[in-house]
Amino acid sequence: MGSPIQDKNMQVSFLKQRLNMFMDVLDAIDPEDTDLEDIDRLIAMIDDLESKCREFKNREL
């Protein structure tokens, strides 16, 4: 793993990039062919984003 991101602008940039990746995956999913594993992966991506947001917030303290 890399070193922790301390700069607020870099944290926001990181989160935007991750959110864009999530949106790309979401756009690529065909609703007719989506199965439970696909949904689980999407939920895991959201959980990871939420975790990273909490991590960044706690670094500010």
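Model, not experiment: these values are computed from the prediction. (Residues numbered from 1 in each chain as written. Predicted model: local features only at pLDDT ≥ 70, side-chain atom pairs only at ≥ 80, totals over all residues. Heavy atoms only, no water.)

A separate point is the environment of Arg41. Within the secondary structure, Arg41 is located in helix α2 (residues 36-59). Taking C-alpha positions, Arg41 is 14 Å from Arg18, a pair spaced 23 residues apart along the chain. (Helix = DSSP H or I, 4+ residues; strand = E, 2+ residues; numbered from the N terminus.)

This structure, assessed with the given rule, holds four salt bridges. Here Arg54 and Glu50 are joined by a salt bridge, their closest N and O atoms 3.4 Å apart. Taken together, the positions of Arg54 and Glu50, both in helix α2 and four residues apart, correspond to about one turn of that helix. Looking at Arg54, the relative accessible area reads 47%, which means it is partly exposed. Owing to a relative accessible area of 43%, Glu50 belongs among the partly exposed residues under this scheme. For the salt bridge of Lys52 with Glu55, the shortest nitrogen-to-oxygen distance reads 3.4 Å. Placement of the pair is Lys52 and Glu55 together in helix α2, with a separation of three residues, close to one helical turn. Using a relative accessible area of 21% as the deciding quantity, one classes Lys52 as partly exposed. Within this structure, Glu37, Asp38 and Arg41 form a network of salt bridges that share partners. (Salt bridge = Lys/Arg side-chain N within 4 Å of Asp/Glu carboxyl O. Buried < 20%, exposed > 50% of the residue type's maximum accessible area, 1.4 Å probe, protein only.)

It is worth spelling out the packing of helix α1 (residues 8-28) against α2 at this point. Following both chains from N to C, one finds α1 and α2 inclined at 175°, their axes separated by 11 Å at the closest point. Judged by the inter-axis angle, α1 sits roughly antiparallel to α2. Across the interface between the two elements, Gln11, Phe14, Leu15, Arg18, Leu19, Met21, Phe22, Val25 and Leu26 of α1 pack against Leu42, Met45, Ile46, Leu49, Lys52, Cys53, Phe56 and Arg59 of α2. Considering only residue class, the contact of α1 with α2 consists of 13 nonpolar, one polar and three charged. (Axes fitted to C-alpha atoms, helices over the stretch in contact; angles between N-to-C directions. Parallel < 35°, antiparallel > 145°, perpendicular 65-115°, else oblique. Contact = heavy atoms within 4.5 Å. Nonpolar A, V, L, I, M, F, W, Y, C, P; charged D, E, K, R; others polar.)

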